[in-house]
Amino acid sequence: MSPRLSRVAAILMATTAGFAASAQDAVTIVLSEELENVEPCMASKSNIGRVILQNVSETLTELVPGSGLQPRLAESWEDMGGGTWRFHLRKDVTFSDGTAFDPGDVVFSLARNKSDKFVCEIGAKYYGGMELSAKVVGDSTIDITSDPAQPILPLLMSTLTVLPSEANPDAFVDLPVGTGPYTFDEYNRGENIKLSARDDYWGGAPTVKTATYVFRSESAVRAAMVAAGEADIAPNIALQDATDPATDYSYPNSETVYMRLDTQTAPLDDVRVRQALNLAVDKEAFVGTILAPGTLLATGMTPPSTIGYNHDLQPYPYDLEKAKALLEEARADGVPVDTEILVIGRLENFANVTETMEALTAMWQDAGFNVNLQMVETAEWNEYYSKPFVTGKGPIIVEAQHDNANGDPVFSMFFKYACDGAQSGVCDTKLDERIAAATAATGDQREGLWEDTFAYVFNDLVADVFLWHMVGFTRVNERLDFQPTIRTNSELQLSQIEFK
Amino acid sequence: MAVAETGAPIPEPPHPALQILRMLWRDKFAFAATLFLLVVIFCAIFGPMLFEDVATRQNLRGRNAAPFDFSKDWSFWLGGDALGRPLLARIIVAAQNTITVAAGAVACSLAIGTALGLVAGYTSRGLSQVIMRLADVIMSFPSLLLAVIVLYMLEPSVGNLIIVLAITRIPVYLRTSRAEVLEVRERMFVQAAQVMGASTGRIVFRHILPVVFPTLITIATLDFAVVMLAESSLSFLGIGIQPPEITWGLMVSQGRPYLTSAWWLSFWPGLAIILTTLSLNLLSNWMRTALDPVQRWRLETRRES
Amino acid sequence: MISFLGKRAVASAVSLIGLIVLVFFLSRLTGDPTNLYLPVDASLESRARFREINGLDDPLIVQFFRYAGDIIRLDFGVSVRRGEPAIDAVLRAFEWTLWLAVITMTLVTAAAILVGALAAFRVGGVFDRIATFFSLIGASAPDFWIAIVAIVVFSVTFGWVPTSGTGTVMHWILPVAVLFIRPFGLILQVVRGSMISTLSSAYVKTARAKGVKNRPIIFVHALRNAMLPVITVIGDQAAALLNGAVVVETIFGFPGVGKLMIDSILQRDFTVVLAAIFVTAVAIFLMNILIDILYAVLDPRIRY
């Protein structure tokens with residue numbers, strides 16, 4: 001009882017002054033959702049990654065927007081052939097608890113991702129369908145082998161957060177220790193997370209000395225907190241709250257919105273019907289109205305900064321007459337175009353998703369489609385989006401937003417388009433071959449093969465209705481010198497923040 | 001009084017309906033409330049039939065049109081929503097679903113809750129105990145979980161929504177009516193009726209229910225707002241009524257992200273909820289006075305006093 | 001009284017068990033948490049591994065008996081999402097909720113009884129009209145309106161109070177003020193209605209006829225007799241707050257049990273849902289027992 005009483009007393013006695021962020025070199029960041037845990041091997045979830053990734057836990061390599069894959073904990077790497085890559089690690093690195101970083105920590109972190117006591121998201125998301133093994137070959141050298149061989153193994157290593165080999169191998173850690181520029185000080189669940197800068201960081205001490213993370217799910221409140229001086233950075237505010245050009249930055253957030261078509265079920269199995277669906281959407285009309293200005297029309301599954309993105313593809317124009325004509329043509333050939341099509345939207349998937357879906361279905365109705373919109377919560381949406389698909393409800397179109405900030409289409413294409421892909425609405429042997437070929441290739445050849453694959457999906461198969469590459473807004477206090485980038489969705493590096 | 005002094009014959013007592021209208025006229029607030037409710041009921045019955053088309057026509061480039069622009073069509077006088085649809089027409093059309101859900105849920109929970117409460121208050125301890133503990137269980141069962149369960153297995157429809165909302169509101173009527181029964185049954189006139197051999201049913205319906213009812217009605221009128229807003233938060237979480245269907249609650253929750261940039265999106269439907277609740281409450285207060293012989297004088301003699 | 005409490009405790013325990021069994025099976029009808037926990041790109045193999053590690057591949061009845069066995073030892077299990085014991089997360093959140101509910105309901109009760117009783121004293125008078133009008137508007141307005149407008153006005157424009165969060169006593173002002181409004185309107189109306197009935201009832205008239213001129217005495221006696229429905233409604237509103245004030249918690253970033261419960265339901269984090277329901281149910285059951293005792297205290301004729 002007494003600690004509780006003293007806490008109340010403390011609350012009552014606390015003065016009114018000082019609810020604005022105070023110290024010169026401290027920043028407060030207001031996130032849209034609380035962290036369920038602070039486990040580094042879950043850092044591919046954006047809410048966890050924004051706090052942990054490259055602030056507390058670092059990776060061997062790092063994908064830097066504009067300059068490609070860069071060294072981080074590994075200084076260099078080379079392909080040894082046979083699926084093996086050799087990484088030369090930094091020597092002067094210590095963890096925040098004082099222990100030295102060595103190749104054994106990498107072996108441990110890799111093995112921990114495949115633990116049979118708990119499930120790590122990084123392993124489940126990036127290392128599925130391959131066997132990764134690591135071997136220490138020297139004080140600061142390690143060989144990592146994948147079976148089957150992965151030409152992009154160094155890129156995959158930009159996702160692996162490294163923990164010290166003393167960390168708990170069987171459960172989530174609640175006080176993560178890493179090699180990054182910040183020490184994870186405390187997590188007051190429901191209230192805040194506190195990080196502080198390390199003096200002994202190998203890359204030099206950062207400008208921001210302490211960071212506090214707080215959580216508010218209402219976009220208007222996050223924006224208000226920066227306006228009131230209580231917070232310095234508010235990632236992910238809604239378009240309608242981004243009203244101050246001096247503080248609100250827009251940036252491509254690596255998300256792509258598309259409508260997944262079930263090409264196995266009539267009438268969606270007819271290519272003319274799929275073309276008509278594409279032509280009937282006035283995608284331009286959304287930009288600058290429901291969606292942010294700067295939103296790009298999409299022709300593929302990954303953002304334009306990805307390698308192998310086909311810049312020659314042109315979005316389908318808005319052509320209602322042609323759409324109607326195609327539909328009539330299909331009808332004349334006996335395609336059941338009047339069948340009711342169920343359109344599934346995911347609530348709170350992005351700002352204004354419900355309005356977007358309402359407008360989209362209205363456009364399809366104008367073209368003569370018999371569509372019925374249903375907005376569902378995430379759990380239910382999952383059952384429509386991933387295999388095994390829901391059956392017995394007729395043709396279904398699923399709205400989805402896909403995030404690929406990792407620079408290579410391989411993280412998208414297999415899952416979304418291969419016959420065995422968990423969210424694939426198509427099954428086409430030629431496409432399967434193309435994806436396999438591109439996945440195994442390297443360099444310019446890889447880039448060319450991916451471009452062909454994008455064109456094949458878009459022009460020949462008309463597999464989906466691609467809509468937009470999205471834009472996010474972040475409100476930044478004017479005292480900071482910080483530019484959000486395409487990576488801000490998944491990480492927010494405090495060491496990149498300077499004061500004006 | 002004036003009539004007696006002039007010696008004129010005592011006039012025929014006016015028709016009862018006229019008498020009620022007169023009493024209503026004397027309480028200007030109750031009169032206005034009645035008019036407003038009649039308008040709402042009219043919208044609920046005929047709104048979708050008349051304005052469905054107007055209310056669903058989208059215009060993305062004219063979204064969030066500001067209110068009070070009287071140069072536009074009447075349907076835009078209260079502004080346009082996030083898809084450029086006229087708010088006034090949408091409010092009129094939405095009245096049907098809104099009133100169906102709210103009236104359905106409130107009526108069901110009021111009827112079931114009161115019936116169970118009367119039973120619990122007036123019968124054997126065993127049965128009473130069972131009913132009351134059941135109420136405890138419902139009270140502690142999160143309404144959101146109930147909604148997720150029901151609507152995950154069934155379609156999100158008006159009927160299912162009424163079921164969910166009605167169940168969650170049963171305990172308040174149940175506990176209130178039972179508490180009143182516990183007290184009323186000890187009163188002199190009930191004891192007297194018992195001694196004189198009146199049947200249980202007669203005692204409950206003739207003697208106890210009239211005493212209990214006014215409190216229940218007070219709660220029920222405010223529950224109208226509670227139910228409409230609960231429905232709004234269920235829609236917000238994706239388990240209530242979904243577009244393209246509309247209710248005031250759904251409109252309020254759809255306007256939520258725009259509260260600081262385009263206030264009218266959620267303000268007008270919210271105002272409709274407030275005015276409906278306010279009217280219901282004013283009318284029920286008036287009815288309580290008008291129907292109670294002890295207090296009726298307040299309405300009959302105001303002009304003279 | 002002792003026998004009443006004993007019987008009541010047994011009956012409440014039985015309904016608590018019933019509640020847990022009901023929630024356990026019903027919540028499992030809302031889908032498998034695997035797809036929600038893992039990224040959509042997760043392989044079938046890691047999905048299978050997740051189910052195995054968390055015992056989701058066992059038949060439901062086996063899962064239930066395992067859960068029942070644990071709960072007898074007061075082990076509510078570990079939250080899959082949070083990696084911490086479910087009961088820890090719930091108790092931490094419930095402490096905030098409890099304080100919020102106690103502070104709010106104390107203020108509401110005092111204010112509503114005072115204003116409601118005064119309004120009933122001159123029905124239709126100016127004070128009555130004003131009190132009724134504003135309390136009804138407050139009670140039927142969407143709470144997020146009031147919350148967000150209050151933040152914009154009092155925090156951003158005037159800077160009097162912090163926008164949201166926790167830490168100082170100032171952080172409690174807006175959440176309590178917003179939570180205050182709805183129960184205040186409802187309870188005020190019930191007090192007013194109940195007082196009108198009591199003041200016009202036979203025994204108050206008798207007291208007046210007997211020459212008890214002292215208004216305060218009549219007032220206090222009538223109030224005491226008008227309290228039964230009032231207490232019931234106060235209980236109902238308090239129960240709603242104990243179940244969590246979701247909107248206020250969401251907007252003000254207040255780490256209470258309502259948001260925890262909603263998030264856990266939407267994420268199918270069943271251990272947390274069950275632990276949260278267990279804790280709030282115990283609180284609500286205790287409160288209802290207290291209310292039933294209060295009935296008997298206020299009106300000695302009521303026996304159980």
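Residues numbered from 1 in each chain as written. Chains lettered and ligands numbered in written order. Predicted model: local features only at pLDDT ≥ 70, side-chain atom pairs only at ≥ 80, totals over all residues. Heavy atoms only, no water.

**Some details on the domain arrangement of chain A**
Interfaces are frequently sized by the accessible area removed from exposure as the parts join.
All names here are of chain A.
Reasoning step 1: Considered domain by domain, chain A is made up of domain 1 (3–31 + 181–247 + 477–499), domain 2 (38–178) and domain 3 (252–471).
Reasoning step 2: Centre-to-centre, using C-alpha coordinates, domain 1 lies 37 Å away from domain 3.
Reasoning step 3: With eight residues of domain 1 in contact, the opposing surface of domain 3 contributes 16 residues.
Reasoning step 4: Interface of domain 1 and domain 3: buried area, both sides summed, is about 720 Å²; carbon and sulfur atoms make up 51% of it. (Domains from an automatic or database assignment. Contact = heavy atoms within 4.5 Å. Buried area = accessible area lost by both parts, 1.4 Å probe.)

**Quick word on the interface of chain A and chain C**
Reasoning step 1: Counting residues at the interface gives 52 residues for chain A and 51 residues for chain C.
Reasoning step 2: Together chain A and chain C conceal approximately 4,100 Å² of surface at their shared face, both sides included; 57% is due to carbon and sulfur atoms.
Reasoning step 3: Applying the counting rule to chain A against chain C returns four salt bridges.
Reasoning step 4: Arg-82 of chain C is the salt-bridge partner of Glu-34 of chain A, the closest N and O atoms lying 4.0 Å from each other. (Salt bridge = Lys/Arg side-chain N within 4 Å of Asp/Glu carboxyl O.)

**With respect to the state of the cysteines**
All names here are of chain A.
Reasoning step 1: A full pass over the atoms with the stated rule returns two disulfides over all chains.
Reasoning step 2: Covalent S-S linkage joins Cys-41 and Cys-120, the inter-sulfur distance amounting to 2.0 Å. Torsion about the S-S bond of the Cys-41 and Cys-120 cystine: about -80°, corresponding to left-handed handedness. On the criterion of sequence distance, the pair formed by Cys-41 in the loop between β1 (26–31) and α2 (46–52) and Cys-120 in the loop between α3 (103–112) and α4 (121–126) is long-range, its members being 79 residues apart.
Reasoning step 3: Owing to a relative accessible area of 2%, Cys-41 belongs among the buried residues under this scheme. (Disulfide = S-S within 2.5 Å. Helix = DSSP H or I, 4+ residues; strand = E, 2+ residues; numbered from the N terminus. Buried < 20%, exposed > 50% of the residue type's maximum accessible area, 1.4 Å probe, protein only.)

**Examining helix α9 (residues 320–332) of chain A**
Residues and elements named next belong to chain A.
Reasoning step 1: Taking 1.5 Å as the rise per residue, α9 with 13 residues should run 18 Å; its terminal C-alpha atoms sit 18 Å apart, in good agreement.
Reasoning step 2: Among all positions of α9, only Leu-320, Ala-323, Leu-326, Leu-327 and Ala-330 are buried. The arc that holds the buried residues of α9, viewed along the axis, is 125°, so those residues lie on one side. Exposed residues on α9 whose side chains face more than 90 degrees from its buried face are Glu-321 and Ala-332.
Reasoning step 3: Buried residues along α9 sit against α7 (271–279) and α10 (353–366).
Reasoning step 4: Positive phi appears at Gly-334, one or two residues downstream of α9, with a value of about 90°. (Expected span 1.5 Å × (residues − 1). Arc of directions from axis to C-beta.)

**Details of the packing of aromatic side chains**
Reasoning step 1: This model, assessed by the stated rule, comprises 35 aromatic pairs over all chains.
Reasoning step 2: Through a chain of ring-to-ring contacts, three or more aromatic side chains come together here, namely Phe-68, Trp-263, Trp-264, Phe-267 and Trp-268 of chain B together with Trp-145 of chain C.
Reasoning step 3: If you follow Arg-434 of chain A out to its NZ or CZ, it ends over the ring of Tyr-456 of chain A, 4.4 Å from the centre. (Phe/Tyr/Trp six-rings, centres within 6.5 Å; stacked < 30°, edge-to-face > 60°. Lys NZ or Arg CZ within 6 Å of the ring centre and 35° of its normal.)

**What to know about the sheet that holds strand β7 (residues 141–147) of chain A**
All names here are of chain A.
Reasoning step 1: Sheet architecture is open: four strands sit in the order β4-β5-β7-β6, paired in antiparallel fashion. Looking at which strands have only one partner, the edges of the open sheet turn out to be β4 (74–81) and β6 (131–138). Taking the axes of each pair of neighbouring strands and ignoring which way they run, one obtains an average angle of 20° across the sheet.
Reasoning step 2: In this sheet, strand β5 (residues 84–89) lies alongside β4 in antiparallel orientation, the contact comprising six bridges. The residue bridging Glu-78 from the neighbouring strand is Arg-86, located in β5.
Reasoning step 3: On top of the sheet, α3 reaches β5, β6 and β7; it is set at about 170° to β6, its chief contact. (Pairing = 2+ DSSP bridges. Axes fitted to C-alpha atoms, helices over the stretch in contact; angles between N-to-C directions.)

**Brief notes about a negative patch on the surface**
Reasoning step 1: A cluster of acidic side chains, namely Asp-97, Asp-102, Asp-139 and Glu-166 of chain A, defines a negative patch on the protein surface.
Reasoning step 2: Among the secondary structure elements, Asp-102 of chain A is positioned in the loop between β5 and α3. (Patch = residues over 30% accessible without salt bridge, like charges linked within 9 Å, V, L, I, M, F, W, Y side chains within 5 Å. Areas by Shrake-Rupley, 256 points an atom, 1.4 Å probe, with all protein chains shown as cover. Lys, Arg positive; Asp, Glu negative; His and termini not counted. Charge placed at Lys NZ, Arg CZ, Asp CG, Glu CD.)

**Description of the packing of helix α12 (residues 257–266) of chain C against helix α13 (residues 270–298) of chain C**
Relative orientation and spacing of two packed helices are given, respectively, by the angle between their axes and the distance between those axes.
Residue and element names in this part refer to chain C.
Reasoning step 1: In the contact formed by α12 and α13, the axes pass within 9 Å of each other and the chain directions differ by 145°. As α12 runs across α13, the sense of the crossing is left-handed. Side by side, α12 and α13 meet where Val-257, Leu-260, Met-261, Ser-264 and Ile-265 of the first sit next to Val-272, Val-273, Ala-276, Ile-277 and Thr-280 of the second.
Reasoning step 2: Classifying every residue of the contact of α12 with α13 gives eight nonpolar, two polar and no charged. (Left-handed = near helix turned anticlockwise from the far one by under 90°. Nonpolar A, V, L, I, M, F, W, Y, C, P; charged D, E, K, R; others polar.)

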